[in-house]
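# Summary of structural features
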Amino acid sequence: MSLYQETIASLRRKLTAKEISPTELVQSLLQRIESVDPKVNGYLRVDSEKALAQAKNCDLSKPLGGIPIAIKDNINEKGEECTCASQILVGYQAPYDATVIRKLKEAGAILLGRTNMDEFAMGSSTEHSSFKKTSNPWKLDHIPGGSSGGSAAVVAADEAIASLGSDTGGSIRQPAALCGCVGLKPTYGRVSRYGLVAFASSLDQIGPFTKTVEDSALMLQAIAGQDHYENTSRPVAVPDYTASLQQPVKGLRIGIPKEYFGEGIDHDVADALQKSIAWYQSQGAIIKEISLPHTHAAIAVYYIIATAEASANLARFDGVRYGHRTSTVGDPLTIYRKSRAEGFGPEVKRRIILGTYVLSSGYADAYYNRAQKVRQLLRRDFVTAFQECDVLLTPTSPTPAFKAGEKMNDPLKMYLADICTIAVNLAEVCGISIPCGFSSNQLPIGLQLIGPHFQEGTLFRAAHAYEQAHEWVKRHPQF
Amino acid sequence: MNSNSIDVAYVAGLARLELTQAETETFQKQISSILDYVEALQRIDVSSVADNPIDPNLPTNVLRPDELRPSLTAQDVVRNAPKSANNLVIMPKIVE
């Protein structure tokens, strides 16, 4: 096996035993990127010299010492361009490090480059990037999922050992499922968003893409915790996540919400999920069919709340203090209107308009306030379910990756791709997607485990046991 | 409520967003169909939820001592401005 194919855990053993050097590892990845990224297009920018310089100076005694990691292009990394894959932020240089970046640096990680995404994290296929389209490493004419499609694709294609993404309605878990890697959306408040360009502040959360569940635990260990720069990060102690990996699943109560297994679930996906459930049962887990009765409302609630918050958050891009300013001469109002028209792509404009509308006078009660109430009902569904279950098991995505272009002209159809992941953000609980099989046309299928607030350890326990008993993570895409 | 009542051109004005005629027409159609879809929320019984639901998972009024802390320099703040001089951002005159 080549170095670039390995995991954080295995590379850390080799690095600390001095079997390999960080420079060899970075060189191995840079060569891999050079050979496959022209096909995958997962990266927006890779700074080879900077990565090699970090390799020379990294501290191997630190928990992620020497491990090369890719970063979604909506997380500020001091001195690096941070574009959110939008024309409006071309040339924007991050003036400070996001808290997760500071923590990765302190943990000894090597920051390898910046990954492609849907513009401002709005999308489910990474086709809304204003720079380029990213391919699914398993089938290049298929999408990698989104919005963190670049971060998922580079890990799946062995162009990074791990990466960071952000998840507002499924933007880590869905691309992880479609690319065949592990994607974690931590509990709202578990990881500081300071330095993440805000999309929908009551839903956004940063999390890792990795090749294994153990690596996911190592990454969360490094980035979790309260941050005085971020008032929604919570003062909840960060446990030793790797300790939960070894716990058996015997006696674990797994809820199967029937609403996630109905109409619209692809045959191969349903089949893979049934086999996974049977495996858990064979290991002594207690399987319970449960109901999350408001599931059908999740997408409607999400596209009101997320667009409302986005319309407010994106008001800051007005061509005044940073980002693109129109060359048209005129009064300030003209400059705002033109700069935004020239800088934002169609999906961002669509969501700003929808979000402005649902908050506008005369409509806020019917849309925004009502959506907030239904969100509480969705939340209660989960709280009730977790009174009798330790985790819930669902598909991550109703279908494997779809073909590029297939849903681009129908925004509502694209939104429905997030049907299995969105409620997790609305309820602020945690979720992980792990590979659980392949479709008949050899595309990865993902299984989602959902846990109660701040119970990521339970997710790792259930996910690791499954992963160890199956061979899915040993497959790599061929180019 | 008539969900097709959205006037995209008017709302785009509120959002400080200039749209072309073609964009206005496309968005009018697409957003109307999204609004039809979210109409389903009107049929859900929300009588068990308070009028201004407060999320119990979220902290309220997180305070910190009001003391000086290091922050970005003026240069760092202005560096990304499209037009600036003397650590100030330049914009056209607002008041005649």
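Preceding this section is the structure that the text describes.
One structure accompanies this document, and this report is about it. (Residues numbered from 1 in each chain as written. Chains lettered and ligands numbered in written order. Predicted model: local features only at pLDDT ≥ 70, side-chain atom pairs only at ≥ 80, totals over all residues.)

### Brief notes about the overall build of chain A
Tallying secondary structure elements over chain A gives 15 helices and eleven strands in all. What you see for chain A is a C-alpha radius of gyration of 21 Å, in line with the 23 Å of a compact globule of 479 residues. Principal-axis analysis of the C-alpha atoms places the extent of chain A at approximately 65 × 55 × 45 Å. Taken over 479 residues, chain A has a buried fraction of 61%. In chain A, the proportion of contacts linking residues at least 24 apart, taken out of those at least 6 apart, comes to 76%. (Helix = DSSP H or I, 4+ residues; strand = E, 2+ residues; numbered from the N terminus. Rg over C-alpha atoms; globule rule 2.2 N^0.38 Å. Buried ≥ 20, exposed ≤ 12 C-beta atoms within 10 Å, placed from the backbone. Contact = placed C-beta atoms within 7 Å.)

### Topic: the pairing of strand β6 (residues 205-210) of chain A
Residue and element names in this part refer to chain A. Counting buried positions along β6 yields six of six residues, so the element is predominantly enclosed. Relative to β6, strand β5 (residues 182-185) is paired through two bridges, and the arrangement is antiparallel. Looking at β6, one finds that Val-182 is bridged to Thr-210. (Pairing = 2+ DSSP bridges.)

### Here's the deal with the sheet that holds strand β1 (residues 43-46) of chain A
Residues and elements named next belong to chain A. Spatially, eleven strands are ordered β1-β3-β2-β4-β6-β5-β10-β11-β9-β7-β8 in an open sheet, and the strand pairing comes out mixed. The open sheet has two edge strands, β1 and β8 (286-290), and neither has a second partner. The sheet shows a mean angle of 30 degrees between the axes of neighbouring strands, taken without regard to direction. In the sheet, strand β7 (residues 253-257) pairs with strand β9 (residues 391-395) via two bridges, with the strands oriented parallel. Residue pairing across strands places Gly-255 opposite Leu-392, the latter belonging to β9. Most of the contacts of helix α3 (residues 48-57) go to strand β3 (residues 110-115), to which it runs at about 155 degrees, and overall it touches β1, β2 (68-72) and β3. (Axes fitted to C-alpha atoms, helices over the stretch in contact; angles between N-to-C directions.)

### Overview of the environment of Glu-289 of chain A
Residues and elements named next belong to chain A. Its location among the elements puts Glu-289 in strand β8. Glu-289 sits in the exposed class, given 9 other C-beta atoms within 10 Å. Spatially, the C-alpha atoms of Glu-289 and Leu-392 are 9.6 Å apart, while their sequence positions differ by 103 residues. Apart from residues lying up to four places away in sequence, Glu-289 is in contact with Ile-256 and Lys-258.

### Describing the environment of His-296 of chain A
As for its position among the elements, His-296 of chain A is in the loop between β8 and α9 (298-313). Through-space distance from the C-alpha of His-296 of chain A to that of Arg-379 of chain A is 13 Å; in sequence the pair is 83 residues apart.

### Notes on the interface of chain B and chain A
On the chain A side, the residues contacting the 41 residues of chain B number 49 residues. Among the secondary structure elements, those contributing two or more residues to the side of chain B that touches chain A are α1 (8-14), α2 (21-38) and α3 (74-78) of chain B. A per-element tally of the side of chain B that touches chain A places α2 of chain B first, with eight residues. Counted by class, the side of chain B that touches chain A contains 31 nonpolar, four polar and six charged residues. (Nonpolar A, V, L, I, M, F, W, Y, C, P; charged D, E, K, R; others polar.)

### Brief notes about the nonpolar core
The biggest cluster of nonpolar side chains holds 163 residues, and the ones touching the most others in it are Ile-69, Val-301, Ile-304, Ile-353 and Val-391 of chain A. Among the elements that take part in this core, α9 of chain A stands out by supplying eleven residues, more than any other. Contact partners of Ile-304 of chain A, with chain neighbours within four places excluded, come to Val-358, Tyr-367, Tyr-368 and Ala-371 of chain A together with Val-38 of chain B. (Core = buried A, V, L, I, M, F, W, Y, C linked by C-beta atoms within 7 Å.)

### Points about the environment of Arg-114 of chain A
Residues and elements named next belong to chain A. Secondary-structure assignment places Arg-114 in strand β3. When the 25 C-beta atoms within 10 Å are taken as the criterion, Arg-114 is described as buried. Separated by 145 residues in the primary sequence, Arg-114 and Glu-259 have C-alpha atoms spaced 37 Å apart. Aside from chain neighbours lying at most four places away, what touches Arg-114 is Tyr-43, Leu-44, Arg-45, Ile-71, Asp-73 and Glu-80.

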